[in-house]
Amino acid sequence: MSSGLWGYEGAEGYAAGSDLTGYRVEATDGHIGKVDRHTDLVDSSHIVVDTGPWIFGREVLLPAGTITRIDAAEETVWVNRTKDEVKNSPEFDKDKHTDDPEYRRQVGDYYTDGYTGGSNL
């Protein structure tokens, strides 16, 4: 798990302390949902995206390193992943995974190594 994946260093337009809650989230091939919550903690920065009806209301956790650009005026976050990559990401359960290092490792592996396993944690 590299700190680059879990930090906002590559996100154009990111301002430390910004509240991204409610921002629209765009994958490389279209809209995927909105930011439900986010964190900018060192080595574990991420956003949680509420996908709404797109994948049946599922929430997904995206490491901050997947974010390429943030536009505060448009309240939009762009990520460098496709809709399918996000859809097939490890399942997120806010009651079990928020502070779970093993889950963060699994997500990190998925986004750095092309994880193709199931999403049934």
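Residues numbered from 1 in each chain as written. Predicted model: local features only at pLDDT ≥ 70, side-chain atom pairs only at ≥ 80, totals over all residues. Heavy atoms only, no water.

Another aspect to go through is the pattern of salt bridges. Counted by the stated rule, this structure contains five salt bridges. Across the salt bridge formed by R24 and E26, the nearest N and O atoms sit 2.5 Å from each other. Overall, R24 belongs to the partly exposed group, its relative accessible area being 39%. For E59, the salt bridge is made with R37, and the minimal N-O distance between the two is 3.6 Å. (Salt bridge = Lys/Arg side-chain N within 4 Å of Asp/Glu carboxyl O. Buried < 20%, exposed > 50% of the residue type's maximum accessible area, 1.4 Å probe, protein only.)

Another aspect to go through is the pairing of strand β3 (residues 46-50). With four of five residues buried, β3 is to be regarded as a mostly interior element. Bridge count for strand β2 (residues 30-39) against β3 is five bridges, and the pairing is antiparallel. By the bridge assignment, T39 is partnered in β3 with H46. What sits between β2 and β3 in their antiparallel hairpin is a turn of six residues, with D43 showing a positive phi close to 65°. (Helix = DSSP H or I, 4+ residues; strand = E, 2+ residues; numbered from the N terminus. Pairing = 2+ DSSP bridges.)

Okay, the nonpolar core next. In terms of nonpolar packing, the biggest core is built from 28 residues, with V25, I47, L62, I67, V77 and V79 touching the most fellow members. Broken down by element, the residue count for this core peaks at four residues, all from helix α3 (residues 101-113). When neighbours within four sequence positions are excluded, V25 is seen to be in contact with H31, I32, G33, K34, V35, I47, V49, V77 and V79. (Core = buried A, V, L, I, M, F, W, Y, C linked by side-chain atoms within 4.5 Å. Contact = heavy atoms within 4.5 Å.)

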